[in-house]
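# Structure assessment
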Amino acid sequence: MFSSKGSSGRLHVQPGCKYGLFVPFVQHSGINYLCTMTNEERLRNHGLRVTDTRMAVLDLLQRSSKALSQADVERALPEQADRVTLFRVLQAFEENGLAHRVQDTKGVARYASCAPGCSTHKHHDVHAHFRCTDCGDVYCLESVLLPKVSIPKGFTLKESHLQLEGSCKACA
Ligand SMILES: [Zn+2]
Ligand SMILES: [Zn+2]
Ligand SMILES: [Zn+2]
């Protein structure tokens, strides 16, 4: 288990947390987040009951370097889960700020785990997504932040996405 000293004393970082020790994560306060919660705590904090399938899917998303489709999740789970259950788990994760959805080049939904700052109906995934046109994989580019845009008067911005396309490291 990683550990780090913070202002509140000794903090433990969950092994396998995709974000490692510090998340470069931009919010109005400009602070970095530390991933200190267990997956059980994360589920509860996001208003979800702890179930084996939810735990397994959350773990999988956090360990994955790329966004996963429902079929990817289905294949990677140690025990078979039925499709309807999996669909609901992914949907609940998206609704509750545990995962965000990105479409791949074929229009199939892929899911990636969220930074700790996301909450129910409020996503702050301000990074670009890279879609590989060769293998179809989708990556979160956490170091590439969305540019600030100013939109004309009278428009209300609710979401912005930055999709980049090209060849991924494995295909280039
Ligand atoms: Zn999110
Ligand atoms: Zn590729
Ligand atoms: Zn992402």
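Residues numbered from 1 in each chain as written. Chains lettered and ligands numbered in written order. Predicted model: local features only at pLDDT ≥ 70, side-chain atom pairs only at ≥ 80, totals over all residues.

### Let's talk about the sheet that holds strand S6 (residues 99–103)
- Spatially, S5-S7-S6 is the arrangement adopted by the three strands of the open sheet, whose pairing is antiparallel. Only two strands of the sheet have a single partner each, and these edge strands are strand S5 (68–69) and S6.
- The pairing of S5 with strand S7 (residues 109–113) spans two bridges and is antiparallel. From the neighbouring strand, serine 69 faces S7, where its bridge partner is arginine 110. (Pairing = 2+ DSSP bridges. Helix = DSSP H or I, 4+ residues; strand = E, 2+ residues; numbered from the N terminus.)

### Structural notes on the nonpolar core
- Within the largest apolar cluster, 22 residues are counted, with the highest numbers of intra-cluster contacts made by Leu61, Ala67, Phe93, Ala99, Tyr111 and Ala112.
- Taken together, the elements giving at least two residues each to this core come down to helix H2 (52–63), helix H4 (83–95), S7, strand S8 (127–132) and strand S9 (138–145).
- Excluding residues that lie within four positions of it along the chain, alanine 112 makes contacts with Leu61, Ala67, Ala99, His100, Val102 and Cys140. (Core = buried A, V, L, I, M, F, W, Y, C linked by C-beta atoms within 7 Å. Buried ≥ 20, exposed ≤ 12 C-beta atoms within 10 Å, placed from the backbone. Contact = placed C-beta atoms within 7 Å.)

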